[in-house]
Structures are given as C-alpha cells and as structure tokens.
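Survey of secondary and tertiary structure
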Amino acid sequence: MSDSRPDPDALLARVQRDERKEKRGRLKIFFGAAAGVGKTFAMLRAAHAQRDAGIDTVVGLVETHGRSETIAQLEDLEILPSRMVEHRGGTVREFDIDAALARKPGLLIVDELAHSNAPGSRHPKRWQDVAELLEAGISVYTSLNVQHLESLNDVVGQITGVRVWETIPDKVFDEADEVELVDLPPDELLERLAAGKVYLPEQALRAAANFFRKGNLIALRELSLRRTAQRVDAQMRDYREDHSIDRAWPVSERLLVCVGPGERSEHLVRAARRLAAGLGAEWTALYVETPDLQRLPEGERDRILRNLRLAEELGARSVTVGGGDVAREVVGYARAQNVSKIVLGKPRRRGILRRLVSSTVDRVLQGASDIDVEIIGTEARPSTLAFGLASPILDRSRTHLGVEQRPRSDKLRWPGYAGAAAITVACTLVGALMHGRFEPTNLVMVYLVGIVLVAVRFGRGPSVFASLASVAAFDFFFVPPFLTFAVSDTQYVVTFLVMLAVGLVISNLAASVRLQARIAGYREQRISALYEMSRELAGTYQVESMVRIGVQHLAEVFGSQAVILLPDPGGRVRHPAGDSIAGSLHGADLSIAQWVHDHNQAAGLGTDTLAGSDTHFVPLASPNRAVGVIGLLPANPRRLFVPEQRRLLDTFAGQIAIAIERAQLAEDARTARLQADTEELRNSLLAGISHDLRTPLASIVGASSTLAESSEQLSPAARRDLAAGIAEEARHMSEVVANVLDLARFQAGAFRLNLQWHVLDEVVGGALARSRGRLADREVKLALPADAPLVELDAVLIEQVLVNLLENAAKYTPARSTVTVAAEANPGELVVSVSDNGPGLRPGEEEQVFDKFYRGSPESATGGVGLGLAICRSIVEAHGGKIRAGRSSAGGARFSFTLPQKAAAPVLEAEE
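The numbering scheme is per chain: residues are counted from 1 as the chain's sequence reads. Side-chain atom pairs in this predicted model are given and counted only at pLDDT of 80 or more, local residue features only at pLDDT of at least 70, and totals for whole chains, interfaces and linings cover all residues. Hydrogens and waters are ignored; side-chain quantities use all the structure's heavy atoms.

Some words on the environment of Ala422
- Going along the chain from the N terminus, every DSSP run of H or I of four or more residues is numbered as a helix, and every run of E of two or more is numbered as a strand. Within the secondary structure layout, Ala422 lies in helix α17 (residues 414-434).
- C-alpha separation for the pair Ala422 and Gly450, spaced 28 residues apart in sequence, amounts to 9.8 Å.

A short note on α17
- Given a helix with a known number of residues, its expected span is that number minus one, times 1.5 Å. Look at α17: 30 Å from first C-alpha to last across 21 residues, which is about the 30 Å you get at 1.5 Å a residue.
- Burial classes follow relative accessibility: with a 1.4 Å probe on protein chains only, a residue under 20% of its type's maximum area counts as buried, one over 50% as exposed, and anything between as partly exposed. Within α17, burial applies to Gly416, Gly419, Ala420, Thr424, Cys427, Thr428, Gly431 and Met434.
- Should any heavy atoms of two residues lie within 4.5 Å, those residues are counted as being in contact. On its buried side, α17 packs onto α18 (440-458) and α19 (460-478).
- Trailing α17 by a residue or two, Gly436 shows a phi angle of about 95°, which is positive.

With respect to the sheet that holds strand β13 (residues 372-376)
- Sheet architecture is open: five strands sit in the order β11-β10-β9-β12-β13, paired in parallel fashion. The two strands at the open ends of the sheet, each matched to only one other strand, are β11 (317-322) and β13. Each strand of the sheet is rotated relative to its neighbour by a mean of 25°, with strand direction disregarded.
- Note on pairing: two strands pair once DSSP finds at least 2 bridges between them. Pairing of strand β12 (residues 341-345) with β13, which is carried by five bridges, proceeds in the parallel orientation. Residue Leu344 lies in a different strand from β13, and its bridge partner there is Ile375.
- Helix axes are fitted only over the stretch in contact, all axes being lines through C-alpha atoms; the angle between N-to-C directions runs from 0 to 180 degrees. Across the sheet, helix α14 (residues 326-336) lies against β9 (254-258), β10 (282-289), β11 and β12, angled at about 150° from β10, the strand it touches most.

Points about the packing of aromatic side chains
- Each Phe, Tyr or Trp ring (for Trp, its six-membered ring) is paired with any other whose centre lies within 6.5 Å, and the angle between the two planes then decides the class: stacked below 30 degrees, edge-to-face above 60, tilted in between. This model, assessed by the stated rule, comprises seven aromatic pairs.
- Where Phe558 meets Phe652, the ring centres are 5.5 Å apart and the plane angle is 80°; that geometry is what we call edge-to-face. Here the residue Phe558 occupies a position in helix α21 (residues 543-558), and Phe652 occupies one in helix α24 (residues 643-710), the gap between them amounting to 94 residues.
- Taking relative accessible area as the criterion, Phe652 reaches 0% and is therefore assigned buried.
- Any Lys NZ or Arg CZ found within 6 Å of a ring centre and within 35 degrees of that ring's normal is scored as a charge over the ring. The side chain of Lys28 reaches across the aromatic face of Tyr141, ending 5.5 Å from its centre.

Structural data, given as structure tokens:
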C-alpha cells in the first residue's frame, strides 16, 4: 500500500483554513527597509490598478508627509474623512474605522500598519483596526517598515542606535496574504533624502546624521530582504503541502543532521556545524525516538540529550520525533522541511553483512533520492554502547557482538514466563476438548490466540517462550505418535516451522504495539502535566501566584522538594517570603543558585558543576533575560535524571520563565503607565492651578498695592470696589484650593456620607443661592415635581454637585442663556438634571468631561482647573448613583445624576 496518501487531518485543516480565508478580506503589505523607499507611492499605484480593474477602492488614511508625488496619486481616489481627536493639547488625525465599516468598500487603503492610535480610539494599534476590517470582509492595502517587526525591533535598535516603540506582532506579517517588497538602493534613498523628497530640509539633515547613515540603510535593506525571503520560503512550503508535493525543492541550503546515542554523534554534530557555516545554511539536529531506543540504558539516552544540547549551543534547532522506522521518519521530516542536505554517520557494517541486512544509512539513501546525503566518516573507537553500529542513527537490527551488554534490570521477569506457561497449558486444555472434532491444523489457531495474549500482557520475551512452548505442546499432544516429540508425517515439520514463524512475528508485533502504547502513555502524561501548568500560569498575572503554581507542579511531576528563587533589584537571588506550599524546598544553597543565575547554566546534583550538592539547580531563562532559578531536591535522583524527565524539566523551566517575565513586563508597563499618568496629572495640576492662582493673585496684588499707595487719593466708592475685587479673587482662589483638596479627599475615601432625609427643593435652593452671582445674567428655570418624596442624601455634598453643575453651565454658555434644573422620581431612584441651551458637548466628550483636569473646548472655556465634574462624579458614585452627560432637547449640554432610594421615604405630617 502506498504511503503517499494525504493526511486526513491535514486535509481537514486545509479546508477549514480555506473557508476562513474566503470569509475574510485579503491583506497586502508593502514592505520596505526605511521611510522614503516608495512604499506609499507603490501602494497607491496598485490601488489605481485595482480601481481600474473594477474593484471598489477607497482610501481610509494615507500619510503623504508633504511629498508631491504621493499627493498626486490621491487626486482621483475616493478618500474617507478622518476622525479628529484631541490629544495632549492638540488635534491629531486618526483613521475612522466606523466610517470604513459603514462604507465597506472592496479594497481599503490604510497607511502605516504599526501606528499607535490616540487614546480613546477603539483599538490601541492600527493593525488591530486592520484585523477588524479583514474580519468584516474588507481587503486592505497597507505599508510597513522592517524596524516595526517585533522580532527585529531589538536588532534594528542595536544597528541604528534608535529603538522604535511602535511594533506589530510577527504573526500579522506572516499571515498576510501578500507581501510586496519595495526596495531602493541606499545611495538613491540618500539622494531622495537630500532632495527633500523624504523629510523637510531640517528633518532631513538630522535624519542623515543619525538613522539614515549609509551603513544603517545597508543593514536595514539586508534585514528586509532576508525577512521577505523567509516569508517566500514559508509560502513555498505551504504550496508543496497544499499540492501534496513530496519531493524536496532545494531552493536554499538547509541541513539536517541525525543524532543518536553513538559516541560518534558528537563528532557528527560538530561536522554538521562546520558544513552549515561554510554554506551559510540553517541546520537542524533530529533525534528519532523509536520503541527500541526507549529500552536503551540511561547512560546512552543521556548521551542523546547531551548531543542535542550541543547542537543547540552550536546554533542548531533540535527536534525530536517518534516513529517505528528511523529511515522513514528522517526522510519524511526532511521533505516536510524542504531540507537540501541530510548529514549521516558512516555505517560500520561491511561486506556481505551490509548486503544481507541494510543499515539505516542505506535505507535513507534509497528513500531520499531527491535530497543530497552527506556521509561523514570518523575514526574508529572502542565502543561501549549497547549496540555495535556506530552510526548515530540507530538501526533496529543491531547486534551485540564484541560490545558491552546492556545492564540487567532489577525487575522480576519470572511472573511473565509463568503466565506464558499457564496460558500455553490453557490452550492445550482447549485443544484437548477440540481434538477429534476438528482438524489438527485448526488447533494451531488456539495457540496463536494464546501467543497474542501473552505478547500483549507480558511482552516480547514471554511471548517468544510461548511460541516455542506452543509448538512443542502441539507436537507432543496432538501430532501422532502422541505423547512424544517424534513426527510420523514429515508434512507436520512445515506446520511446526510456519506455526513458530507466525507465532514469533505475532509476538513481536504485539509486543511492539504494547511498548508503543506504554510510551504514548508516558508522553501523554508529560504533555498533560505541562498543559495543566501552562493553563494555570496563563490564568494569573501575579508573580507570587506563578511561583506558587510552578513549585506545586514541579514537586508533583518530578517527585522532589522544589523552590523557585527570584532575584532582588540588585540581582541577588533570594528565598521566597512566606512560602508555605507542601513539598517546597527551604534552605537551598543560595551561592550555587546565584552562580546558576549569573552563568545561565545548570549546576548542583547531576551536573559537572558543584556536583557535591544534593540539590539540582536549573536557570529560569527567558528569551530576553534570566528571571530566576529552580531548585529541586529529588527523592529519587535516578528518576529526575532520566533524559526524558530532564527534557521535561527544561520545558517546565522555559514555560515558568516566560510566564514570570510576562508578569514582570506587565508590572513594568503598569508602573511606567502610572508614572506617565502621574507626571501628566502633575503637569495638568500645575498648569491649571498656576493659571487659576496667578490671575487672581495678580488682581489682588494690584488692588492691594493701589490701596496701600493711593488710599488717600481714592474715593470711598473706589476703595470699596477694590476691596470687593480682592475679596472676590480671594474667594476664587479658595475655591480652586478647596476643589483640589476635596477631590483628593474623595478619591482617598477619607470622608463619610451624612445621609439624612431631605426635601429636594431645599437642596436645590441652597445651590441656587450659592451660585447667584455666576448665574446673574442667565435665566434659571425649575422643573421639580410638587409631590416629590423625601430623599436620603448628604445635603452638603449633593448641594456641591449642583453648584458645580450650575457653575459649569454658566461657564460654557453665553449671556442670557437658559439653565434648567429638573428632577424626576423613578421607582427606586431619583433623577436630577441640569441642562442649558448653549453650544453643548462635542461628540466623544460625554465621558471625557468627567476626567480630572479636562476643561472642554479652549474656545468656550473661561478658566478653571477642570476638577468640578470629576468631584461631581466622585460624590454621586459615593451615594451609589451614576452621573451622565449628553445633549439637551434645546441643543445644549445636559448633565443628569441618579440617587438610589433603597428605603421607603418617611411621610411628613401636615402642619395644622
């Protein structure tokens, strides 16, 4: 039967992927090494071609940077209006995703994929806007520079000395339907820069002296070419997979070296490294894990692990696959990865032995006729391996001639042979019942069934014994002459031989299946343990919780006392504080742990460094840095240092390290954001207070100096006016300071509500009395229900809310405007509103107006720190209500807040 049939799971995945692609829009990225190479120009020319082909093409947002060629390309294209956003005291132009979704063109042009959107946008990044457009079925053309790829961000920073903070995940780039490289030689780009076609003259001079140096541009160009080539290579592999092309297409050099437990594997790995370096090729170290290899002694399996680690240290990617036939797995992996060269060790078999029993190398040569195979020779050494073939790829047909035998296992084996004997006796008894009623050859089937049962239950050795015993029993009891091993009919000799051969084949196959099932069970246990820990780590964001989860799983999986040591800000590892996890390790040697953390290497028990320790230390190394150390005190060191367990420990350490680094980076980001917010808050506070205090102070100083210097020349009325001005400005200053202190007190929770039952009319009247001066030239209307029940509230604070809302209305409305105070009693709550017929709020301001230091549009603002509405929100939320902003029926602003009424209001007795 042919092995070239497509994998059903792969076919299903391909169909599902194609279905998703049909529903999504297509993404095309115009990719370049730097600004000015012509990405936007090429993108717009492609957009013109699509429009001419009948595709509904619309420009969502394009950054022209004042380049006349780019502006000319926009002249006859439909352009969506941009969304204007207030940011840091200015107005920025942003892509309007809602307008694009409503328009829903066939193709949308969105420039600068890595752009960060202004605060308040739906998504923080533009690539997330593009992802939503694609899900809506809209195709997108966009542009990207190589320095904005996350994986290359640090590399570009090292080359240019400039770290770019706007990046996109590599997954977005890899999943694009098409990437077009827009390339320009560095000399031509510098000419464009000097001619003012990239930046304005002053900016061009600075750019040429820093980022746009010729050496930088050459390096960036190489990075963009290499990254595009990698994507093309991935596309080629996908094409070969989609079209079921098995033969390798060696368009680029890619080496595969096969690693095993042989002593010559180390030499083979080093030779492959030299070969890969000479070719400038990627290389992979492959280990095929077969059932036979699972029975190797621990020393040989540990050698495999060391060889794989050596390959990784030399720059290879190590891969472990499972299978029953080494040659088939090697050839299959090589074709799947489009390998151009397979590196093998020279087989030791010679002459007729190699002709009779082909080695793994021979089978790889036969199966990989379309791939170059490099045979590396090494000098012969005395072997201490359990198998005599020196090739690093182990053959299932190895012999034990002239080599050290495998150490005996302490496991008792006689129960298996006793069970085999018992099953053979049982088959003989069944055969005795059938004898005389069935042909003797039919009795052979009974024994074969018994052989299968023995192989499945007890393994290969007892099943071989059962095969021999079954032939002997069949001959002794059921072949004439009976009760003797003599054979009267020579035809039965053939029957015996066939029976023995079939029995041995069946026993070998059944035992192999049993062993593979056991191996699969072990793998499933390891994968389940890793999955459980990864799932729990993904569900928490606290480093302390991650440490606790890691210690718990390490102790359970590896049968050890465990501890995770993290460094302090000075880089010194410390024991965790308050660790009370069962099975945790206390008192680990911090000096060894510090060495492990500093050198990023394992040490302690089972290593070549400080091996006298009873604890095994493993570094927690993330891709960017060392984040800590794992310490394990195993109850059974042999169990911990089995190669499979050591690989599992390395995987556990990698997952824990990545999780801890993720939490630490998130905490660093939160700290940085808090510092930025604090700095912005401080600057806003200083700006607002300095303005609102400087103006009244200037008035006070001027009026008081006039009184002090010219009091005798002033009339009593003038002195009274100056004194009144000083009092008014002092009152204003007092209000500014009181607002700041009140907000700090509210947000710190340092106040108690004095909830009492009050008549709403009295609270509103008090607020109007306090605001009489500010509302002198406004018409105030009341719309309060005559039968409104008593309201449970803090009268002083709610009166302050009303005062702030009334003064806000007076501040942002012109003279002779109308201000309306209304109330409405709903079940369980009272709704109070203050509205006006002024210019109202701008779209998007409904939530921003309650932010601290937000002062509305500069055109209409008349001063103030911008804390009044923030104080209102704090007071209303302390009462359990909500405050909202919107437009009134008269077109102005309307602020409403709710006061929940949980208890029934008392009824006032009528006055006599």
